[in-house]
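Now for the letters of each chain:
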Amino acid sequence: MEEYICRIKDVCKEFPGVKALKNISFDIKKGEIHAVIGENGAGKSTLMNILSGVYQPTSGEVEFDGKPVHFLDPKAAHAAGIGMVHQELSLAQYMTVAENIFQGHMPANKAGFIRRREINRKSLDILQKIGVKNISPDILIKYLSISQKQLVEIAKAMSLDAKLLIMDEPTSSLTVDEIDFLLGMMKNLRDSGVSILFITHKLEEVLSAADTISVMRDGEYITKLDPKKTNIQEMISYMVGRKEEKSYTRSFMTNVESKDVVMEVKNLTVPGKISNISFQLHRGEVLGLTGLVGAGRSELLNAIFGYYPNVQGKVLLEGKEVRIKHCKDAIDKGIALVPENRKELGLFLKMSVRDNMTIVHARQISGKVFMNVKSVESLAEKYREMLSIKTPNLEQKVVNLSGGNQQKTIIARWMMHQPKVLMMDEPTHGIDVGAKQEIYELIDSIAKEGISVILLSSELPEILRMSDRILIMHQGELRGTLDHSEATEVKIMEYIFDKETAEVS
Amino acid sequence: MKQKFMNKNMRNWLSRPEVTMFFVLLAFCIVLTFSSDYFLTSTNIMNILRQIAVYAILAVGEAFCIITGGIDLSVGSLIGWAACAGAYASTLGASPEVVLLVILAAGLLPGLINGVLIAYVGLPPFIATLGMLNIAYGLSLMITNGFPISYRDTWIHQFGGGYVGIVPISVIVTIVIVIIGFIIAKYTIFGRNIYAIGNSEKAAKLSGIKVKAVKVAVYGLTGVLAGVCGLIQMGLLNSADPTFGKGAELDVIAAAVIGGISMTGGEGNIIGVLIGAAIMGVLRNAFVLLNISGYAQTVTLGIVVVLAVAIDSIRRRREEK
């Protein structure tokens, strides 16, 4: 019996003008969890897309299950036994779980009608096989939580007896518990003989779950690592290509309570979303905001920002109550929001980097009608330099920038506006290690300038490393506040699960 | 190195849809020059320009609607409605000044209603403006009983029939409107907000843009431009007819799309719209000069529109990769 399920030999992939993969060679063993790590743009996704038949390699060969293979489309790869779980969930919202799982190979009778009972029964088998018990095959996808959808994606990938499962950042939108469950499930699959190729930015997960680690950088295969013998420091150094990468620490604020209060939120309520939230934000403070996904954290920021029409409660800025009916009011009063999901809520993808940077502040530096083109241009140029945003020019469409540079573009948008309060919703979601570091440093310097920051994040290490104080939310309520000096991951989790026994998806 | 950079800029510039379409227009004109002796005569050119004028004015408004991610199907029938409303006012004894105001207001009002229905009530633009298409057409039939109203020889007729030297005033009006449209799109906060809304309404709202107000303004503006076209048509024909502009919405949308306005919203150049309108105008003229039957004309126009959009989407797909 072959030792390897998949052997990648000298694979190159060129796009017009870019060499995305340069002579990649490595093997995936049968029944192993093989993690691929690297910064964004390292070529991980391109590689996965070649294995799953989305792209064809420019040169080189892929051997699967002992035979050389050339997949012309994803369907062929799926039929051969390679299942792909995409980063963006690709389920049909108004179809049932079972219909989604059997999408593309629905069993039908002679007259062409779907054998519904059969797909429901088979779906149940597959779900049970991966250890999921509480998802019914005939429920519509739109009623499921994000983590449940993720599980259905995996079931879909497994529906044709996949021997190799490719997972592109499966944990990026999951909470700590859900991640544990998913990693456990991956280990079970591995023990039953399935190989898993798994891309992630979360290095702790790699250490705890992977059997082998491959590091990629700039389209090249850098090295193979053994998770038992390596550590995060070493992984990062291979990923970024610099040996000494010191972990970032900021100097925290002492005596936060003695600083003057910039913003105070009193009994803020959005029916069905958040209830009765009150807290104070001090000058120059970084206030962490965490909790499980769905705890109402983004909703709290959106409510402060005037995004919802039906907000009850008060927001006070520098002691005075402000009426915020529309996001424009919040912006005019000096509140800024870097929203979650930057592609949908933050960026104007078909517009230039310059327009994306200046969309807010251009109003301030222009007359009633005409845009002050010159100052807009010079302001954008100033901030491009200051935040070292990597783009060939300011005319470039923002969609062509890397995730980190896109995020910096949005941060620049608000920095030039000089807000009193800067709220950031998952600002490092889906961006690579190097860019994360830069964003941490940015947040620190913004706070040092005296701007108060609310940092919403699901990643506890990030929260602990950045926040002077931490707010913990659960089920739409504020559960508690911790000072950085007393905060630990365990303490935060204790607040969240205070009154509850562990709830697992 | 410097040389190479220049070439790349040059190539980027050449790959822009409006530039491509300009060369297509040029090619049409060259072919027509050789295949018809009449094409390059000044009478014919003025005819083409007059034809282009109506398309171009409407297409500027339509382009803004499409850039916000919407569409306006009512522009055609608003031409007839505005003209009829003006002529009807004259039968009640209104002075030319009042008639002018009535025509513009008759364009503006349905436009604003479109905007309110779309932005505040939440109707899909397709449905709201389809409804308005019928309402406006029906209203003009009602006030005219279905017959053209004759209205002639006042100073406002100069907009349609007048000349400065050999240049029709309608062409001058068109040029002014296209330039204003271009400036709005490129150099005003309002214009940039229009593009932002077409890219992402939510992101626009989160950037402090009053999305609903901008949409109402865009559809209102489009309505006024339809009114201007009604004024020009009336001036040209010395009467107002409910069938003015009937079906023009499709030609206008075609002109916008040929000019590089993306149907998915959020991008496109107003100068491109002028070129798109010019292509439509030259095509119509070519049909006449080359003696192509009316039935074949319709088929050809359909093919041209589909082809233009196909080329555009292939280009965009290539750009994305």
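Nothing here was measured: the structure is a model prediction, and the numbers come from that model. (Residues numbered from 1 in each chain as written. Chains lettered and ligands numbered in written order. Predicted model: local features only at pLDDT ≥ 70, side-chain atom pairs only at ≥ 80, totals over all residues. Heavy atoms only, no water.)

**Let's talk about empty space enclosed by the protein**
Residue and element names in this part refer to chain A. Applying the stated rule across the entire model yields two cavities of 30 Å³ or more. Estimates place the volume of the largest cavity at around 70 Å³. Forming the boundary of the largest cavity are Thr175, Val176, Thr290, Gly291, Leu292, Ser458, Leu460, Met493 and Ile496. Per-class residue counts for the lining of the largest cavity are five nonpolar, four polar and no charged. (1 Å grid on protein atoms, 1.4 Å probe; cavity = no way out; pocket = protein on both sides within 12 Å on 5 of 7 lines; lining within 4 Å. Points joined across faces, edges and corners; volume = space filled by probe spheres on them. Nonpolar A, V, L, I, M, F, W, Y, C, P; charged D, E, K, R; others polar.)

**A few points about the pattern of salt bridges**
Should their charged atoms come close, side chains of opposite charge can pair. Counting across every chain of the model gives 28 salt bridges over all chains. The shortest N-O distance in the salt bridge between Glu257(A) and Arg469(A) comes to 3.8 Å. Of this pair, Glu257(A) sits in the loop between helix H8 (232-240) and strand S11 (261-270) while Arg469(A) is found in strand S19 (residues 469-474), placing the two residues 212 residues apart along the sequence. Several salt bridges share partner residues, and in doing so they unite Arg354(A), Asp355(A), Glu377(A), Glu395(A) and Arg192(B) into one network. (Salt bridge = Lys/Arg side-chain N within 4 Å of Asp/Glu carboxyl O. Helix = DSSP H or I, 4+ residues; strand = E, 2+ residues; numbered from the N terminus.)

**A short note on the pairing of strand S13 (residues 286-291) of chain A**
Most of S13(A) is tucked away, with six of its six residues classed as buried. Of the two faces of S13(A), the one carrying Val286(A), Gly288(A) and Thr290(A) and the one carrying Leu287(A), Leu289(A) and Gly291(A) are both buried. (Buried < 20%, exposed > 50% of the residue type's maximum accessible area, 1.4 Å probe, protein only.)

**Re the sheet that holds strand S3 (residues 33-37) of chain A**
Residues and elements named next belong to chain A. Strand order in the open sheet formed by six strands is S6-S7-S8-S3-S9-S10, with mixed pairing between adjacent strands. Of all strands in the sheet, those bounded by a partner on one side alone are strand S6 (82-85) and strand S10 (220-225). The average undirected angle you get between the axes of adjacent strands in this sheet is 20°. Of the strands in this sheet, S3, strand S7 (164-168) and strand S8 (195-199) are in contact with helix H6 (residues 176-191), which crosses S8 at around 145°. Its contacts with the sheet put H8 on S3, strand S9 (212-217) and S10, and the angle it makes with S9 is roughly 30°. (Pairing = 2+ DSSP bridges. Axes fitted to C-alpha atoms, helices over the stretch in contact; angles between N-to-C directions. Contact = heavy atoms within 4.5 Å.)

**Notes on the confidence of the model for chain A**
Averaged over chain A, the pLDDT score is 87; the fraction of residues at 70 or greater is 95%. Every residue in residues 499-505 of chain A scores below 50 in pLDDT, and together they form 14 contacts with partners more than four places removed in sequence or on other chains. (pLDDT = per-residue confidence, 0-100.)

**A word on the interface of chain B and chain A**
Size of an interface: often given as the accessible area lost when the parts come together. In this assembly, 26 residues from chain B lie in contact with 30 residues from chain A. Summed over the three residues of chain B that lose the most area to chain A, namely Ile189(B), Arg192(B) and Leu206(B), the buried surface amounts to 31% of that side. The interface formed by chain B and chain A holds three salt bridges in total. Residue Glu344(A) pairs with Lys202(B) through a salt bridge whose shortest N-O separation is 3.2 Å. In this structure, the connection of chain B to chain A is made through 14 residue pairs in polar contact (both at pLDDT 80 or more). Among the elements of the structure, helix H8 (169-187), helix H9 (189-199) and helix H10 (201-206) of chain B are those that each provide at least two residues to the side of chain B that touches chain A. For the side of chain B that touches chain A, the element with the highest residue contribution is H9(B), accounting for six residues. (Buried area = accessible area lost by both parts, 1.4 Å probe. Polar contact = N/O pair within 3.5 Å; in protein donor to acceptor, adjacent residues only side chain to side chain.)

**Observations regarding a nonpolar patch on the surface**
There is a patch of nonpolar side chains on the surface, built from Val369(A), Phe370(A), Val373(A), Ile175(B), Ile179(B), Ile183(B) and Tyr187(B) and spanning about 600 Å² of accessible area. By the element assignment, Ile175(B) lies in helix H8. Owing to a relative accessible area of 47%, Ile175(B) belongs among the partly exposed residues under this scheme. (Patch = residues over 30% accessible without salt bridge, like charges linked within 9 Å, V, L, I, M, F, W, Y side chains within 5 Å. Areas by Shrake-Rupley, 256 points an atom, 1.4 Å probe, with all protein chains shown as cover.)

**Quick look at the packing of aromatic side chains**
Taken as a whole and assessed by the stated rule, the structure comprises five aromatic pairs over all chains. Ring plane angle 70° and centroid distance 5.8 Å describe the contact between Tyr307(A) and Tyr308(A), whose orientation is recorded as edge-to-face. You can call Tyr308(A) buried: its relative accessible area is 14%. Aromatic pair Phe182(B) and Tyr187(B): ring centres 6.4 Å apart, planes at 75°, arrangement edge-to-face. Phe182(B) gets classed as partly exposed once you look at its relative accessible area, which sits at 23%. Geometry around Tyr307(A) places Lys205(B) over its ring, the cationic atom sitting 4.3 Å from the centre. (Phe/Tyr/Trp six-rings, centres within 6.5 Å; stacked < 30°, edge-to-face > 60°. Lys NZ or Arg CZ within 6 Å of the ring centre and 35° of its normal.)

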